[in-house]
Amino acid sequence: QVQLVESGGGLVQPGGSLRLSCAASGRIFSIDATGWYRQAPGNERELVASITGTGGINYAEAVKGRFTISRDNAKNTVYLQMNSLKPEDTAVYYCMSNLKTWSWAALRTYWGQGTQVTVSS
């Protein structure tokens, strides 16, 4: 019933910018934490940036000062603005949300399908 759909990935030169979007649809009562993860070939999925249910923001050290996470609660959408991109940012980026489908339900984790970001030099 709940789907997270990412968009905005693509090919960009080093130093360029991309903005990723992730829109949640379906039966959603409330969204707690949300964030972006990435996974490069041969590597484990790692946290890039997240927003807690109370609005706290966390970034991986590798992206601090370059990436900005934000969300539009009215649209159930989370964004990742990526600036000054580096080749090492190349990965599949996944959005994640911890949300409730009903007020009495427990929080559950939902993942997007992933969007490829390639930074080429």
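Scoring rules and cut-offs
The residue count restarts for each chain, going from 1 along the sequence in the order it is written. Local features are withheld for residues below a pLDDT of 70 in this predicted model, meaning they are given only at 70 or higher, and side-chain atom pairs are given and counted only at 80 or more; totals for whole chains, interfaces and linings count all residues. Processing note: side-chain calculations cover all non-hydrogen atoms of the structure and skip hydrogens and water entirely. We define a salt bridge as a contact between a side-chain nitrogen of Lys or Arg and a carboxyl oxygen of Asp or Glu at a distance within 4 Å. Secondary structure follows DSSP: runs of H or I at least 4 residues long count as helices, runs of E at least 2 residues long count as strands, and numbering of each begins at the N terminus. Burial classes follow relative accessibility: with a 1.4 Å probe on protein chains only, a residue under 20% of its type's maximum area counts as buried, one over 50% as exposed, and anything between as partly exposed. In plain words, nonpolar cores are sets of buried Ala, Val, Leu, Ile, Met, Phe, Trp, Tyr and Cys residues tied together by side-chain atoms within 4.5 Å. The contact criterion used is simple: two residues touch if any of their non-hydrogen atoms lie within 4.5 Å. Two strands make a pair as long as DSSP finds a minimum of two bridges between them. Polar contact is defined as a pair of N or O atoms within 3.5 Å, subject to the rule that within protein one atom must be able to donate a hydrogen and the other to accept it, and that residues adjacent in sequence are counted only when both atoms are side-chain atoms. Simply put, an axis is a line fit to the C-alpha atoms, just over the touching stretch for a helix, and the angle between two N-to-C directions goes from 0 to 180 degrees.

## Describing the pattern of salt bridges
- According to the stated counting rule, one finds 4 salt bridges in the structure shown.
- Here R66 ties to D89 by a salt bridge, and the two come within 2.7 Å at their closest N and O atoms. Residue R66 is located in the loop between strand 6 (57–59) and strand 7 (67–72), and its partner D89 is located in the loop between strand 8 (77–82) and strand 9 (91–100); the two are separated by 23 residues in the primary sequence. Of the two residues, R66 and D89, neither departs from the other in class, the shared state being buried.
- Linked through salt bridges whose partners overlap, the residues forming this network are R38, E46, R66 and D89.

## Some points on the nonpolar core
- In this structure, W36, V48, F67, L80, M82 and Y93 are the most contacted members of the largest nonpolar core, which totals 25 residues.
- Mapped by element, the contributors of at least two residues to this core are strand 3 (18–25), strand 5 (46–51), strand 7, strand 8, strand 9 and strand 11 (115–119).
- Leaving out residues up to four positions away in the same chain, L80 has contacts with L18, R19, L20, W36, V48, A49, F67, T68, I69 and Y93.

## Digging into the pairing of strand 8
- Taking burial as the measure, the 6 residues of strand 8 include 5 buried ones, the bulk of the element.
- As paired strands, strand 3 and strand 8 are joined by 6 bridges and run antiparallel to one another. Pairing of L18 across the sheet is with M82, part of strand 8.
- Note: strand 7 against strand 8, 6 bridges, orientation antiparallel. Note that in strand 8 the partner of D72 across the bridge is T77.
- A loop of 4 residues connects strand 7 with strand 8, the two strands running antiparallel in sequence, and N76 in this loop sits at a positive phi of about 50°.

## A closer look at unusual backbone geometry
- With a phi angle near 50°, N76 is a residue other than glycine that sits in the positive phi range.
- The residue N76 is located in the loop between strand 7 and strand 8 in this model.
- Residue N76 is classed as partly exposed on the basis of its relative accessible area, which comes to 28%.

## Here we look at the side chain of R38
- Note on placement: R38 falls in strand 4 (residues 30–39).
- A distance of 2.9 Å separates a polar atom in the side chain of R38 from a polar atom in the side chain of D89.
- Ignoring sequence-local partners within four residues, the contact set of R38 consists of E44, R45, E46, V48, A62, V63, F67, E88, D89, A91, V92 and Y93.

## A few points about the sheet that holds strand 1 (residues 3–7)
- If you trace the 4 strands from one edge of the open sheet to the other, you get 1-3-8-7, paired in antiparallel fashion. Because the sheet does not close on itself, it has two edges, and the strands there are strand 1 and strand 7. Geometrically, the sheet is characterised by an average inter-axis angle of 15° between neighbouring strands, direction not taken into account.
- Note that strand 1 and strand 3 share 5 bridges and pair antiparallel. Of the residues in strand 3, the one forming a bridge with L4 is A24.

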